[in-house]
Amino acid sequence: MTADFNFNSLIWKELYQRKGRLLSGLLTISLGIAVILGIHSITSVSKQLVAEKLDLLGANILVLPQGASASDYYSADVDAPTIPEDYVEHIATSMLPGVDNLSPKLSRSIQINDTRLILTGILPVNELSSKPIWQSSDLMGIDLQTACGSAKQNESTDSDQKQAIRAIIESLSADEVWMGSLAAQELGKGIGTTIDLEGHTFKVTHVLPETGTIEDSRIFAHLHTVQELLGTGAQISAIEIMGCCNAISDGLLGKLRNILPDTRVTSIAHIVNTQVETNRMMSRISIILLIIIIIVGSFSIGNYMWANVEERRKELGTYITVGFKRYHIYKLFLIKSTLLGIAGGIIGYTIGTLAAMFVGYMFTEMVITPVAQNLIWSILVAILITTLGTLYPVHRAVRIDPALIMQEI
Amino acid sequence: MFSLKSLTKTYIHRNENIHAINHISLEIQGGSFIAITGGSGSGKTTLLLTLGGLIRPTSGLVKYKGLDIYGLPPEKIADYRNNTVGFVLQTFNLIPYLSALENVIVPLLILKKSNIDKRKRASTLLKKLGLSSRQDFLPRELSLGQQQRVAIARALANDPEVILADEPTGNLDPVLKIEILDILHDLNKQENRTLILVTHDPDSARRADRVLNLSNGEII
Ligand SMILES: Nc1ncnc2c1ncn2[C@@H]1O[C@H](COP(=O)(O)OP(=O)(O)OP(=O)(O)O)[C@@H](O)[C@H]1O
Ligand SMILES: [Mg+2]
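The notes below deal with the structure included here. (Residues numbered from 1 in each chain as written. Chains lettered and ligands numbered in written order. Predicted model: local features only at pLDDT ≥ 70, side-chain atom pairs only at ≥ 80, totals over all residues. Heavy atoms only, no water.)

A few words on the overall build of chain B. Within chain B, the regular secondary structure consists of seven helices and ten strands. Looking at chain B as a whole, 57% of its 220 residues qualify as buried. When the accessible surface of chain B is split by element, carbon and sulfur atoms take 50% of a total near 9,500 Å². (Helix = DSSP H or I, 4+ residues; strand = E, 2+ residues; numbered from the N terminus. Buried < 20%, exposed > 50% of the residue type's maximum accessible area, 1.4 Å probe, protein only. Areas by Shrake-Rupley, 256 points an atom, 1.4 Å probe, with all protein chains shown as cover.)

This part takes up the packing of helix α5 (residues 144-155) of chain B against helix α6 (residues 174-189) of chain B. Residues and elements named next belong to chain B. Close contact between α5 and α6 brings their axes to 10 Å; oriented N to C, the two are set at 15°. Relative to α6, α5 is oriented roughly parallel. Relative to α6, α5 is oriented so that their crossing is right-handed. Facing G145, Q148, R149 and I152 of α5, the residues of α6 in contact are L176, E179, I180, I183, L184 and L187. In terms of residue class, the contact of α5 with α6 is built from six nonpolar, two polar and two charged. (Axes fitted to C-alpha atoms, helices over the stretch in contact; angles between N-to-C directions. Parallel < 35°, antiparallel > 145°, perpendicular 65-115°, else oblique. Left-handed = near helix turned anticlockwise from the far one by under 90°. Contact = heavy atoms within 4.5 Å. Nonpolar A, V, L, I, M, F, W, Y, C, P; charged D, E, K, R; others polar.)

For the rest of this paragraph, the subject is the pattern of salt bridges. According to the stated counting rule, one finds 20 salt bridges over all chains in the structure shown. The partner of R18 of chain A in a salt bridge is E14 of chain A, with the nearest N and O atoms 2.5 Å apart. Between K189 of chain B and D209 of chain B there is a salt bridge whose closest N-O contact spans 3.7 Å. Here K189 of chain B, found in helix α6, pairs with D209 of chain B, found in the loop between α7 (202-207) and β9 (210-215); they are 20 residues apart in sequence, far enough to count as distant. Judged by its relative accessible area of 47%, D209 of chain B falls in the partly exposed class. (Salt bridge = Lys/Arg side-chain N within 4 Å of Asp/Glu carboxyl O.)

Spacing of three or four residues puts side chains on the same side of an α-helix, whose turn is 3.6 residues. Residues and elements named next belong to chain A. With eight of its nine residues buried, helix α14 (residues 313-321) lies for the most part within the structure. Among the residues of α14, those classed as buried are K314, E315, L316, G317, T318, Y319, I320 and T321. Just downstream of α14, G323 is the residue with a positive phi angle, here 110°.

The subject of this paragraph is the nonpolar core. In this structure, Y319 and I329 of chain A together with L184 of chain B are the most contacted members of the largest nonpolar core, which totals 106 residues. Ranked by residues supplied to this core, first place goes to helix α13 (residues 269-311) of chain A with six residues. Core analysis: the next-biggest nonpolar cluster, separate from the first, contains 37 residues, L106, A184, I219 and L252 of chain A among them. (Core = buried A, V, L, I, M, F, W, Y, C linked by side-chain atoms within 4.5 Å.)

A separate point is the sheet that holds strand β3 (residues 99-112) of chain A. Residues and elements named next belong to chain A. The nine strands are arranged β6-β7-β5-β8-β4-β3-β10-β1-β11 in an open sheet whose pairing can be described as mixed. With partners counted over all chains shown, the strands left at the sheet margins are β6 (194-197) and β11 (263-267), one partner each. In this sheet, neighbouring strand axes are inclined to one another by 35° on average, regardless of whether the strands run parallel or antiparallel. Taken together, the four bridges between β6 and strand β7 (residues 200-207) define a ladder with antiparallel strand orientation. Across the sheet, the residue bridging to D196 is T201, located in β7. Along the sheet, helix α10 (residues 223-230) contacts β3, β4 (115-122), β6, β7 and β8 (218-222); its crossing angle with β3, the most-contacted strand, is approximately 35°. (Pairing = 2+ DSSP bridges.)

Once that is clear, we can look at the interface of chain A and chain B. Taken together, the 29 residues of chain A in the interface contact 30 residues of chain B. In this assembly, chain A and chain B are joined by two salt bridges. Its salt-bridge partner being D79 of chain B, residue K325 of chain A comes within 2.9 Å of it at the nearest N-O pair. Those elements that place two or more of their residues in the side of chain A that touches chain B are α1 (7-17) and α14 of chain A. The element contributing the most residues to the side of chain A that touches chain B is α14 of chain A, with six residues. Considered class by class, the residues forming the side of chain A that touches chain B number twelve nonpolar, eight polar and nine charged.

So, on to the site of ligand 1. All names here are of chain B. Among the 13 residues in the neighbourhood of ligand 1, the closest are listed as S40, G41, K44, T45 and T46. Within the side chain of K44, an N or O atom sits 2.7 Å from an oxygen atom of ligand 1. Calculation on ligand 1 without its partners gives an accessible area of 630 Å², and the protein chains cover 64% of this total. For the shell around ligand 1, the secondary structure elements donating two or more residues are β2 (16-28) and α1 (44-51). It is α1 that provides the largest number of residues to the shell around ligand 1, a total of three residues. Partitioning the shell around ligand 1 into residue classes produces three nonpolar, eight polar and two charged. (Near = heavy atom within 4 Å. Polar contact = N/O pair within 3.5 Å; in protein donor to acceptor, adjacent residues only side chain to side chain.)

Rendered as structure tokens:
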């Protein structure tokens with residue numbers, strides 16, 4: 001123990017000597033870090049929740065024929081204008097960043113037994129990944145995904161999901177339909193029954209779970225079947241696009257308009273804006289809190305360090321008497337503050353992560369997993385706080401009048 | 001060895017000038033034993049700390065071997081404190097959470113020597129002062145006389161040419177007083193270190209080669 005006595009031992013021994021006060025200093029910094037980390041985690045969760053809500057609503061960009069409005073699209077009148085199906089290809093080959101999914105649709109309102117329903121032709125693979133609420137149903141057995149990036153995951157990583165999607169494409173053959181819950185209810189149809197549409201007979205293979213939207217009164221069939229049935233040729237009434245929210249703020253809509261000049265490209269603006277606004281607000285709150293905690297934490301550590309300098313005046317005077325330079329006094333305190341920062345960062349990370357996991361589990365049922373990178377940030381922020389707090393006290397410490405070594409205490 | 005030229009230290013206290021030392025000029029021979037006496041507040045401590053590189057004079061010079069100490073950059077003055085002078089004070093000034101041995105090592109901590117050499121040096125000094133069995137004791141576990149001997153060992157860590165002692169026996173009983181005084185006297189007589197001793201005690205002053213009696217910051 002004594003054999004390794006060196007300059008740093010002075011720091012360790014002093015820390016150990018005054019561990020009571022050390023603990024309170026450490027607690028302050030740890031709680032500060034824990035709060036920052038907790039808020040950061042909760043912010044991430046809430047971002048995720050908003051993204052997820054957006055995802056449940058499905059596509060957030062609509063490509064419509066020139067002159068058509070979104071309500072035209074939803075009412076799906078017989079004479080509603082259309083655009084060529086090739087446009088899907090145009091968008092796909094232009095490789096725009098942020099376009100996660102393309103879903104061409106042809107919709108026409110039809111009358112069956114006095115009930116007005118909408119017959120919608122879809123390409124199932126696309127339809128599926130832009131409507132996660134259906135994916136989540138037990139029927140399909142596919143887990144819920146969050147927006148931005150979900151479709152990419154479907155394609156590249158999760159082969160099970162790919163498998164499931166393929167199985168469904170195969171199952172939606174030319175003579176099969178899916179029915180929205182309301183449509184099925186009104187017509188009294190269920191899985192395995194048949195339905196006559198425009199003189200053709202179709203088998204009902206799925207009844208979709210209720211979404212509370214207009215989607216519930218649709219009957220879905222394969223796009224190409226519907227085109228044949230209605231005699232429209234290779235035309236569609238809209239392309240629903242799943243756009244990543246960041247890309248939308250970066251002007252994805254304008255880029256789409258450039259590719260497809262004779263169409264109307266609209267976003268489901270208020271939803272996107274809500275998303276972006278919420279994210280922005282959350283980030284701003286996090287930053288403000290971070291700044292507040294850095295300031296409050298620095299003052300609190302500063303208070304501790306100040307008291308430490310005061311109670312060690314004579315000790316510091318003694319060091320100066322035996323030849324320590326300013327540099328050595330700085331070193332004594334800055335190494336100490338760095339050690340405090342490292343310890344506070346680790347403890348704060350642990351408390352903050354555990355708290356966020358608990359809060360996340362209790363209130364949002366979201367699984368928050370520890371992020372190793374947060375540990376590094378916690379330590380860095382903690383060192384920043386302890387160092388800021390130490391600057392003024394150490395400034396005082398190096399200016400101590402060594403003549404006070406003569407004082408009795 | 002020391003050459004003081006019109007050395008003055010003036011404190012300003014509530015708009016009043018206090019001349020703690022007032023135009024002192026003096027030569028001190030290397031290896032001599034100087035006692036500084038005088039009433040309380042006469043400027044003894046101020047003079048001693050000024051010699052030791054701890055109090056910058058208001059005016060005048062402190063020359064050590066021809067070198068103007070306060071003309072040096074702060075780092076060099078720190079080096080001077082580290083290896084040329086050794087302080088022994090009435091209040092011992094040991095670091096409470098360090099053992100006797102570690103306290104003696106403190107002045108060596110800022111030097112580029114091996115830890116083992118530093119430890120050996122400190123151990124030798126403690127042995128010389130009769131404390132080999134007390135190396136691992138904390139200051140509060142030592143008697144007052146032992147504490148002052150640790151402080152003397154620390155002052156000797158860098159083998160200084162000058163020992164500056166400010167009432168080193170002020171807190172000790174008569175027996176211990178003589179013991180500590182004998183140690184300091186030996187450091188002067190046998191090891192040829194310059195000893196400058198501030199004291200109230202006539203017996204101590206009598207041993208010195210020369211006595212400086214201060215009054216109101218002046219030698220009388
Ligand atoms: N930091 C200071 N500020 C103002 N005045 C001071 C300061 N330090 C010392 N003095 C004054 O300078 C004078 C000399 O003080 P000094 O400590 O040198 O006296 P001393 O001879 O050592 O006294 P004592 O025998 O009581 O230790 C005193 O009048 C003291 O009040
Ligand atoms: Mg004095």
